[in-house]
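Here is what each chain is made of, one letter per residue.
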Amino acid sequence: MVRRWISLIALAVGIFALITIEELPIGVLSVMAPDLGVSEGIAGLTVTIPGVLAGVVAVATPVIVRGLDRRLVLALALLCVAISCGLSVIALNFAMLLVARLFAGVAIGLYWAVLPIVAVAQMPENAARALTVAFGGVGAALVLGVPVAAWIGAHLGWRAAFAVTGTVAVLVALVITVIVTPARSSVPVTPRMMLTAARTRGVRHALALTALVITAQFITYSFISPLLIDRAEVPLGQISLMLLGFGIAGLIGNFAVGAIIRRSAPAGVLTIVTGMLVSLLGLLLVVRDPASALAVVTIWGLFAGAASVTIQSFVGTEASEVVEEGTALNSAAFNASIAVGALIGGQILDAAGYGAMVSTSILMLAVAVIVIARYMLTTPATASTAAPEAADVSA
C-alpha cells in the first residue's frame with residue numbers, strides 16, 4: 001500500500017513538472033517578451049505551439065505505444081521536458097525558443113494521454129481517489145511551479161526558471177521508472193477504435209466541454225500577468241503572490257471536488273464551470289486594485305484548479321467502455337484548447353484590449369454551462385452516479 005501511494009505521488013509530481021513547463025511562459029511573460037524583442041501577444045505563441053503539438057501527439061499515443069509499458073512513456077515525456085528546458089536556456093532569439101517548445105508539446109501529449117491509465121493501475125480498487133491524487137499535481141504546479149517560476153523569472157531571469165524545471169523533470173523521470181508499477185493495455189488501440197470512441201455520447205460531450213472550458217480559461221489566464229499589472233496596478237514583484245493564491249485555491253478545489261464527482265461527475269463539471277464563470281465576471285467588473293485582484297484570482301483558482309480532474313472523471317463515468325481512447329482524445333482536446341485559448345487571447349488582447357478578452361472567456365463559459373445542464377437533463381439519473389471504473393490495464 002505504501003508503494004502505491006508513493007507511486008501516485010510520483011505521478012503527481014510528474015504532472016507538476018508538465019504543467020509547470022506548459023504554463024511557465026505565462027508566469028514569465030512580462031520579462032521574457034521584452035528580452036526577446038516581441039509583444040506579449042506574440043510571446044503567447046510559446047503556449048500555443050506546444051499545445052497544438054500536444055493535441056496531435058495525444059491522439060496518436062494510444063495507437064503508437066500499443067503494448068508498451070505506459071510507465072516508460074511517462075518517463076520519456078519527462079525527458080522531453082528536460083530537453084525543452086535545456087534548449088530554452090540557450091535560446092538566442094524567439095525562433096529558437098519556439099523550437100525548444102516543440103519538445104514541450106511532445107512531452108505534454110505523451111504524459112496527459114497515459115497518466116490516468118497508469119494512475120488507475122496503481123490503485124484499481126479506488127479509481128476516483130487515484131485520479132484525484134495524480135491530478136493533484138496540476139494544482140500543486142499552480143501553487144508552487146508557476147508562481148515559483150514567476151518569482152525566479154522576476155529575480156534571476158526567465159532562463160533560470162526553465163533550468164530549474166528541467167532539473168526537476170529528470171529527477172522525477174528516474175523515480176517513476178523505479179517506483180511506479182508497470183501498466184499495459186490488454187487490448188492494443190487501433191485508429192478504428194479511436195474513431196468509434198469519438199462517436200460515443202460521453203466522449204462527444206467531454207470534448208465539447210473541454211474545448212469550451214479550457215479555451216475560455218486560457219484566453220484570459222495566458223495573459224494574467226500583464227492583465228493584473230495594467231488593470232489592477234499589481235507590481236511585477238507581486239505577480240508571483242497572485243499566482244500563488246490562484247494555485248493554493250486550485251489545489252484545494254482539486255481535492256474538494258472529489259466529494260461531488262464521486263456522486264456525479266457531470267454535477268462536478270457544472271459546479272466548476274459555473275464557478276469559473278462567476279469568477280471571470282468578477283475579474284471584469286470588480287478588480288481595480290491589488291486587494292480585489294487577489295480575492296477574485298483566488299476564487300477563480302478554486303474552481304479552475306479542479307477542471308482537469310473533473311473533466312477526466314466525466315470521461316471515466318460517461319464513457320467507461322472506451323476510457324483509454326476517450327482519455328487520449330480528451331487530452332488532445334485539452335492541450336489543443338490551451339493552445340487555441342492562448343492564440344485567441346493574444347489576438348484579442350492586441351486588437352481590442354483586456355475587456356474584450358475576458359468577455360470572450362465569459363461567453364464561452366456560459367455556453368459550457370448550457371451544454372452540461374442539457375446533458376444532465378437528458379441523461380438517466382443512474383448513468384452518472386458511479387465512480388470511475390478502473391481502466392483495463394494489467395501490470
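Structure first, text after, so check above.
Description of the structure in this document.

What counts, and at which threshold
Residues numbered from 1 in each chain as written. Predicted model: local features only at pLDDT ≥ 70, side-chain atom pairs only at ≥ 80, totals over all residues. Heavy atoms only, no water. Helix = DSSP H or I, 4+ residues; strand = E, 2+ residues; numbered from the N terminus. Rg over C-alpha atoms; globule rule 2.2 N^0.38 Å. Buried < 20%, exposed > 50% of the residue type's maximum accessible area, 1.4 Å probe, protein only. Contact = heavy atoms within 4.5 Å. Areas by Shrake-Rupley, 256 points an atom, 1.4 Å probe, with all protein chains shown as cover. Lys, Arg positive; Asp, Glu negative; His and termini not counted. Charge placed at Lys NZ, Arg CZ, Asp CG, Glu CD. Expected span 1.5 Å × (residues − 1). Patch = residues over 30% accessible without salt bridge, like charges linked within 9 Å, V, L, I, M, F, W, Y side chains within 5 Å. Salt bridge = Lys/Arg side-chain N within 4 Å of Asp/Glu carboxyl O. Core = buried A, V, L, I, M, F, W, Y, C linked by side-chain atoms within 4.5 Å. 1 Å grid on protein atoms, 1.4 Å probe; cavity = no way out; pocket = protein on both sides within 12 Å on 5 of 7 lines; lining within 4 Å. Points joined across faces, edges and corners; volume = space filled by probe spheres on them. Nonpolar A, V, L, I, M, F, W, Y, C, P; charged D, E, K, R; others polar. Axes fitted to C-alpha atoms, helices over the stretch in contact; angles between N-to-C directions. Parallel < 35°, antiparallel > 145°, perpendicular 65-115°, else oblique. Phe/Tyr/Trp six-rings, centres within 6.5 Å; stacked < 30°, edge-to-face > 60°.

### Some points on the overall build of the protein chain
Phase 1 of the analysis: Secondary structure assignment for the protein chain yields 18 helices and 2 strands.
Phase 2 of the analysis: The C-alpha atoms of the protein chain give a radius of gyration of 19 Å, which matches the 21 Å a tight globule of 395 residues would have.
Phase 3 of the analysis: Principal axes of the C-alpha set define a box for the protein chain whose edges measure 50 × 45 × 40 Å.
Phase 4 of the analysis: Taking all 395 residues of the protein chain together, 59% fall into the buried category.
Phase 5 of the analysis: In the protein chain, of all internal contacts separated by at least 6 residues, the share reaching a separation of at least 24 is 86%.
Phase 6 of the analysis: Here the protein chain displays about 13900 Å² of accessible surface, and carbon together with sulfur accounts for 72% of that area.
Phase 7 of the analysis: Taken as two groups, the 18 positive and 16 negative side-chain charges of the protein chain have centres that lie 9 Å from each other.

### Considerations on the environment of Gly237
Phase 1 of the analysis: Following the sequence through the fold, Gly237 ends up in the loop between α11 (224–231) and α12 (239–256).
Phase 2 of the analysis: Overall, Gly237 belongs to the partly exposed group, its relative accessible area being 46%.
Phase 3 of the analysis: Expressed as a C-alpha distance, the spacing of Gly237 and Gly253, which sit 16 residues apart in the sequence, is 26 Å.

### Quick word on helix α18 (residues 354–377)
Phase 1 of the analysis: Taking 1.5 Å of rise per residue, the 24 residues of α18 would be expected to cover 34 Å, and the 35 Å separating its terminal C-alpha atoms lies within 8% of that figure.
Phase 2 of the analysis: When we look at burial in α18, the residues that qualify are Tyr354, Met357, Val358, Ser361, Ile362, Met364, Leu365, Ala368, Val369, Ile372 and Tyr375.

### Quick look at a nonpolar patch on the surface
Phase 1 of the analysis: On the surface, Ile83, Leu87, Ile90, Val99, Leu102 and Phe103 cluster together to form a nonpolar patch covering roughly 480 Å² of accessible area.
Phase 2 of the analysis: Looking at the nonpolar patch, the elements with two or more residues in it are α4 (70–90) and α5 (94–122).
Phase 3 of the analysis: Tracing the sequence through the fold places Leu102 in helix α5.
Phase 4 of the analysis: What makes Leu102 partly exposed here is its relative accessible area of 37%.

### Comments concerning the pattern of salt bridges
Phase 1 of the analysis: In total, this model carries 2 salt bridges according to the counting rule given.
Phase 2 of the analysis: As a salt-bridge pair, Asp35 and Arg159 come within 3.9 Å of each other at their nearest N and O atoms. Of the two residues, Asp35 sits in helix α1 (residues 2–36) while Arg159 sits in helix α8 (residues 158–179), which places them 124 residues apart along the sequence.
Phase 3 of the analysis: One salt bridge in this structure joins Asp69 and Arg71, with 2.9 Å as the shortest N-O distance.

### Considering the nonpolar core
Phase 1 of the analysis: With 126 residues, the main nonpolar core has Leu11, Leu78, Tyr111, Ile176, Tyr221 and Leu228 as its most contacted residues.
Phase 2 of the analysis: When residues no more than four places from it in sequence are discounted, the contact partners of Ile176 are Ala10, Leu11, Arg71, Leu74, Leu78 and Tyr111.

### A word on empty space enclosed by the protein
Phase 1 of the analysis: Overall, the coordinates contain 4 cavities of 30 Å³ or more when judged by the stated rule.
Phase 2 of the analysis: If you add up the space inside the largest cavity, you get close to 180 Å³.
Phase 3 of the analysis: Along its surface, the largest cavity is lined by 17 residues, and Glu23, Val138, Phe218, Ala304 and Phe334 are the ones closest to its centre.
Phase 4 of the analysis: Mapped onto the lining of the largest cavity, the elements with two or more residues apiece are α1, α7 (136–155), α10 (201–221), α16 (307–318) and α17 (323–352).
Phase 5 of the analysis: At 4 residues, the largest contribution of residues to the lining of the largest cavity is made by α10.
Phase 6 of the analysis: Taken together, the residues that form the lining of the largest cavity break down as 12 nonpolar, 3 polar and 2 charged.
Phase 7 of the analysis: What lines the second largest cavity is a set of 15 residues, among which Gly27, Ala150, Ala154, Leu236 and Ile239 lie closest to the centre.
Phase 8 of the analysis: Sorting the residues of the lining of the second largest cavity by element identifies α1, α7 and α12 as the ones contributing at least two each.
Phase 9 of the analysis: Residues that form the lining of the second largest cavity fall into these classes: 8 nonpolar, 7 polar and no charged.

### Let's talk about the side chain of Asn330
Phase 1 of the analysis: Here Asn330 shows up in helix α17.
Phase 2 of the analysis: According to the relative accessible area criterion, Asn330 is buried, its value standing at 4%.
Phase 3 of the analysis: If near-sequence neighbours (up to four positions away) are discounted, Asn330 is found in contact with Ala206, Leu207, Thr210, Ile311, Gln312 and Val315.

### Overview of unusual backbone geometry
Residues other than glycine predominantly adopt negative phi, and peptide bonds predominantly adopt the trans conformation.
Phase 1 of the analysis: Positive phi, close to 55 degrees, is recorded for Glu233, a residue that is not glycine.
Phase 2 of the analysis: Summarising the element assignment, Glu233 is placed in the loop between α11 and α12.
Phase 3 of the analysis: For Glu233, a relative accessible area of 62% corresponds to the exposed category.

### Some words on the packing of helix α9 (residues 191–199) against α17
Phase 1 of the analysis: Running from amino to carboxyl end, α9 crosses α17 at an angle of 75 degrees, the nearest separation of the two axes being 9 Å. Judged by the inter-axis angle, α9 sits roughly perpendicular to α17. Contacts from Met193, Met194, Ala197 and Ala198 of α9 reach α17 at Glu325, Gly326, Ala328 and Leu329.
Phase 2 of the analysis: Per-class residue counts for the contact of α9 with α17 are 6 nonpolar, 1 polar and 1 charged.

### Focus: the packing of aromatic side chains
Phase 1 of the analysis: Enumeration according to the criterion identifies 7 aromatic pairs in this entry.
Phase 2 of the analysis: Here the aromatic rings of Trp158 and Phe162 are separated by 5.9 Å at their centres, their planes lie at 85 degrees, and the arrangement is edge-to-face. You can see Trp158 and its partner Phe162 sitting in helix α8, 4 residues apart, about one turn around the helix. Each of the two residues, Trp158 as well as Phe162, counts as buried.
Phase 3 of the analysis: Measuring from centroid to centroid gives 5.9 Å for Tyr221 and Trp300, while their planes differ by 85 degrees, and the two rings are edge-to-face. Of this pair, Tyr221 sits in helix α10 while Trp300 sits in helix α15 (residues 290–304), and the two are 79 residues apart along the sequence. For the pair formed by Tyr221 and Trp300, the shared burial category is buried.
Phase 4 of the analysis: By the ring-pair criterion, three or more aromatic residues cluster together here, those being Phe218, Tyr221, Phe246 and Trp300.

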